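Structural characterization, general
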Amino acid sequence: MSAPSRSPSPLFGQAPEVLAFADRPMTEADIPAVLEMERQACPHPAHAWSEDNYRSSLRSGYWTRVRTQPDTGRIVGVCVAMDGVEEMHLLNIAVDKALHGSGLARGLLDTLYVFCRQTDVPLLWLEVRPSNERALGVYRRQGFVEVGVRKGYYPAPGGREDALVMRLDLTKKAAQP
């Protein structure tokens, strides 16, 4: 019996599992492309990070990565995390809308897990909108557990939206190949 095939990506014309991407640290020069990619991917402009959020993260020395198409250099994903004492906090992850569901966010998380293990960080924290069902599914499948709620944490079209606080114990998560 053969493994099921995935439909080709409309953006690349090949199955998502065979797509190759290049990861690199984000720079200030990347901010306009990241902002455009994220604004198109978010369901509402209030959900996207601002230019100041990215500039501040870069100035603060946070772990910032962009995932690019190797042939064009076009940014298709971004991940920002802040380190703390024996923990890492995922601040933002966004993927090109045309690649939602392709495993790109999971790949960015895997890259972050590797960094956490290399620096002996056992815990990874994040906040996520309860309305972001796609992200919640990814995080739950990755082993994140809900540990709390931050009331009125996120800006939203009608005012504010709560955040679910989630944690992943990397000492319990099996190492990714």
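Scroll up for the structure.
A short tour of the structure in this document, coming up. What you are looking at is a predicted structure, and each value in this text was computed from that prediction instead of being measured.

Concerning the overall build of the chain
Check the secondary structure of the chain and you find four helices and seven strands. Along the chain, from the amino end to the carboxyl end, the secondary structure elements read β-α-α-β-β-β-α-β-α-β-β. Within the chain, buried positions represent 41% of all 177 residues. Roughly 9,800 Å² of accessible area belongs to the chain as shown, and the carbon and sulfur atoms make up 51% of that amount.

A short note on the nonpolar core
Counting 28 residues, the largest nonpolar core has Leu90, Leu112, Leu124, Val128, Tyr139 and Phe144 as its most contacted members. Listed by contribution, the elements that provide at least two residues to this core are β3 (75-84), β4 (87-95), α3 (104-118), β5 (123-128), α4 (133-141) and β7 (159-169). Among the elements that line this core, the one with the most residues is α3, at six residues. Setting aside residues no more than four positions away along its own chain, Leu124 makes contact with Met88, His89, Leu90, Leu112, Tyr113, Phe144, Met166, Arg167, Leu168 and Leu170. In terms of nonpolar packing, the next biggest core, distinct from the first, is built from 13 residues, Met26, Trp49, Val78 and Val80 among them.

Observations concerning the environment of Leu136
Secondary-structure assignment places Leu136 in helix α4. Judged by relative accessible area, Leu136 falls into the buried class, the value being 5%. Along the backbone, Leu136 and Leu164 are 28 residues apart, and their C-alpha atoms lie at a distance of 9.2 Å.

Let's talk about the sheet that holds β7
The strand order β1-β2-β3-β4-β5-β7-β6 describes an open sheet built from seven strands, whose pairing is mixed. Two strands bound the open sheet, and with one partner strand each, they are β1 (22-25) and β6 (145-156). When strand polarity is set aside, the average angle formed by the axes of neighbouring strands in this sheet is 25°. Where β5 and β7 come together, six bridges link them in antiparallel fashion. Its bridge partner lying in β7, Trp125 is registered against Arg167.

Structural notes on the state of the cysteines
As used in these notes, a disulfide is a covalent bond between sulfur atoms, one from each of two cysteines. A complete count under the given rule lists zero disulfides for this structure. As a non-bridged cysteine, Cys116 has Cys79 as the owner of its nearest cysteine sulfur, 9.3 Å distant.

What to know about the packing of aromatic side chains
The tally for this structure, following the rule as stated, stands at four aromatic pairs. With 5.4 Å between their ring centres and 65° between their planes, Tyr139 and Phe144 make a pair best called edge-to-face. Side by side, Tyr139 and Phe144 carry an identical accessibility label, which is buried. When the centroid spacing of 4.9 Å and the interplanar angle of 90° are considered together, the rings of Tyr153 and Tyr154 count as edge-to-face.

Regarding the pattern of salt bridges
On inspection of all chains with the given rule, the structure shows nine salt bridges. Glu127 is the salt-bridge partner of Arg150, the closest N and O atoms lying 3.0 Å from each other. Taken together, the positions of Arg150 in strand β6 and Glu127 in strand β5 put the pair 23 residues apart, joining distant regions of the chain. Overall, the relative accessible area of 37% leaves Arg150 in the partly exposed class. Exposure remark for Glu127: the relative accessible area of 11% places this residue in the buried category. For the salt bridge of Arg140 with Glu146, the shortest nitrogen-to-oxygen distance reads 2.3 Å. Accessibility expressed as a relative area gives 46% for Arg140, which makes it partly exposed. Glu146 gets classed as partly exposed once you look at its relative accessible area, which sits at 40%. Connected via shared salt-bridge partners are Glu28, Glu51 and Arg55.

Parameters and conventions
- Residues numbered from 1 in each chain as written.
- Predicted model: local features only at pLDDT ≥ 70, side-chain atom pairs only at ≥ 80, totals over all residues.
- Heavy atoms only, no water.
- Helix = DSSP H or I, 4+ residues; strand = E, 2+ residues; numbered from the N terminus.
- Buried < 20%, exposed > 50% of the residue type's maximum accessible area, 1.4 Å probe, protein only.
- Areas by Shrake-Rupley, 256 points an atom, 1.4 Å probe, with all protein chains shown as cover.
- Core = buried A, V, L, I, M, F, W, Y, C linked by side-chain atoms within 4.5 Å.
- Contact = heavy atoms within 4.5 Å.
- Pairing = 2+ DSSP bridges.
- Axes fitted to C-alpha atoms, helices over the stretch in contact; angles between N-to-C directions.
- Disulfide = S-S within 2.5 Å.
- Phe/Tyr/Trp six-rings, centres within 6.5 Å; stacked < 30°, edge-to-face > 60°.
- Salt bridge = Lys/Arg side-chain N within 4 Å of Asp/Glu carboxyl O.

These values are about where atoms sit, not about what they do.
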